Amino acid sequence: MNQYIVLRVVSKLMIPVIMIFALYVQFHGEYSPGGGFQAGIVFTAAFIVYTLLYGLEAAQKAISPAVAHALAAIGVLLFIAFGYASMLLGGNFLEYKVLLPNDQAGETFGIIGIELGVGITVAAVALTLFYSFAGRERR
Amino acid sequence: MIDIVLLTFLVVVGVAIVRVRNLLAVTMLTGIYSLLVAILFVLLDAVDVALTEAAVGAGLLVILMLATIALTTRKEKVHAARQNAVAFVVVSVTGAALIYATLDMPPFGDPEAPAHVHLSPRFTQDSPEEIGIPNMVTSVLASYRGIDTLGEAVVIFAAAVGVLLVLGTGTVRRRRRSEDDGEEAREQP
């Protein structure tokens, strides 16, 4: 990789920006287009660019496949946890307004929480798929 | 006008995808197809969907297909084309039935359409007060239809589990495994 100085410099400029944009899409989803699903894919796209330039081994040192698998499950569990949390507080499954004293605040809190769960799951799943495809050797 | 240009491009790209035999070129064309569809979604004011289509269709999907091509072959094998009359009839009848079914749908943008007389007003008028956030797509997706979204998240998770079972984890190993043990030797790191 060391010989492609243009690619190296441009990627170092672009990858952090793409990741920040992913976080923006994630946490600004209530005000602008976007949400967990899009953010997860964009985040993984940045990671794939890194992998294409520096190799699978370097990428798996940053986020190992085992971590990606765990995160995929954690995202779904976070979503379900918000559902059960609202049940425990006396509402229906995924009825967020009971989470906080103020109805609106509760709904917003619940939406941000489940969007985070979706984002984590989608990013981890996309990464897992990419690892599975890219890590296979040609036979 | 721009709709017609974009739809024409879509048809051209679609035909090209079917005709071209070089799979690398087909992969690029699929990405272009997704971008065109994303532009159409923007023109229809469905920005959330457009963002998804651009990220998944033009980004992730192309990468996964490229990875697959790297593992298999770049050229599509041409089978001796055998005309099958039954298949042609089945496809034609199904297509005609689908087109006939669209005649029952309300015209595009009809304000009297069932979806626009009680569902849309309910969401557009009440959701800012009930949920307290301006993006109604997010309110519907995450709150009114929360269980649907949970289902989607679980489906995505299941997809990953399926791919892991079929393809393995893809962990890069320092030490090359011996060549003859083939499929296994891909246990968790």
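Rules and cut-offs
- Residues numbered from 1 in each chain as written.
- Chains lettered and ligands numbered in written order.
- Predicted model: local features only at pLDDT ≥ 70, side-chain atom pairs only at ≥ 80, totals over all residues.
- Heavy atoms only, no water.
- Domains from an automatic or database assignment.
- Contact = heavy atoms within 4.5 Å.
- Buried area = accessible area lost by both parts, 1.4 Å probe.
- Polar contact = N/O pair within 3.5 Å; in protein donor to acceptor, adjacent residues only side chain to side chain.
- 1 Å grid on protein atoms, 1.4 Å probe; cavity = no way out; pocket = protein on both sides within 12 Å on 5 of 7 lines; lining within 4 Å.
- Points joined across faces, edges and corners; volume = space filled by probe spheres on them.
- Helix = DSSP H or I, 4+ residues; strand = E, 2+ residues; numbered from the N terminus.
- Nonpolar A, V, L, I, M, F, W, Y, C, P; charged D, E, K, R; others polar.
- Buried < 20%, exposed > 50% of the residue type's maximum accessible area, 1.4 Å probe, protein only.
- Lys, Arg positive; Asp, Glu negative; His and termini not counted.
- Salt bridge = Lys/Arg side-chain N within 4 Å of Asp/Glu carboxyl O.
- Phe/Tyr/Trp six-rings, centres within 6.5 Å; stacked < 30°, edge-to-face > 60°.

Draft legend 1. Here's a closer look at the domain arrangement of chain B. When its domains are assigned, chain B resolves into domain 1 (1–79) and domain 2 (82–128). On a C-alpha basis, the centres of domain 1 of chain B and domain 2 of chain B stand 23 Å from each other.

Draft legend 2. The interface of chain B and chain A, seen in detail. Taken residue by residue, the interface counts 53 residues in chain B and 50 residues in chain A. Carbon and sulfur atoms make up 69% of the surface buried where chain B meets chain A, a total of about 4500 Å² over both sides. It is Leu71, Leu150 and Leu167 of chain B that lose the most area in chain B upon contact with chain A, and together they represent 12% of the buried surface on that side. Viewed at the interface, chain A and chain B are joined by nine residue pairs in polar contact (both at pLDDT 80 or more).

Draft legend 3. Local environment of the layout of surface pockets. Residues and elements named next belong to chain B. Taken as a whole, the largest pocket encloses approximately 370 Å³ of empty space. If you trace the largest pocket, you find it lined by Leu44, Ala46, Ala115, His116, Leu119, Ser120, Phe123, Thr124, Met136, Val137 and Val140. Elements represented by at least two residues in the lining of the largest pocket include exactly α5 (114–131) and α6 (136–144). Per-element tally for the lining of the largest pocket: the top contributor is α5, with six residues. Looking at side-chain class alone, the lining of the largest pocket contains eight nonpolar, three polar and no charged residues.

Draft legend 4. Structural view of the side chain of glutamate 115 of chain A. Structurally, glutamate 115 of chain A can be placed in helix α5 (residues 103–134). Put simply, glutamate 115 of chain A is tucked away with no salt bridge, and the nearest opposite charge, on arginine 145 of chain B, sits 14 Å away. With residues up to four places along the chain from it excluded, the contact list for glutamate 115 of chain A reads Gln26, Gly35 and Gly36 of chain A together with Thr138, Leu141 and Ala142 of chain B.

Draft legend 5. Looking closely at the packing of aromatic side chains. All names here are of chain A. According to the stated counting rule, one finds six aromatic pairs over all chains in the structure shown. The interplanar angle of 45 degrees and the centroid separation of 6.2 Å between the aromatic rings of phenylalanine 47 and tyrosine 50 together place this pair among those described as tilted. Of this pair, phenylalanine 47 and tyrosine 50 are both found in helix α2 (residues 36–54), three residues apart, which corresponds to roughly one turn of the helix. Note on phenylalanine 47: relative accessible area 8%, which makes it buried. Pairwise contacts between aromatic rings join Phe47, Tyr50 and Tyr54 into one cluster.

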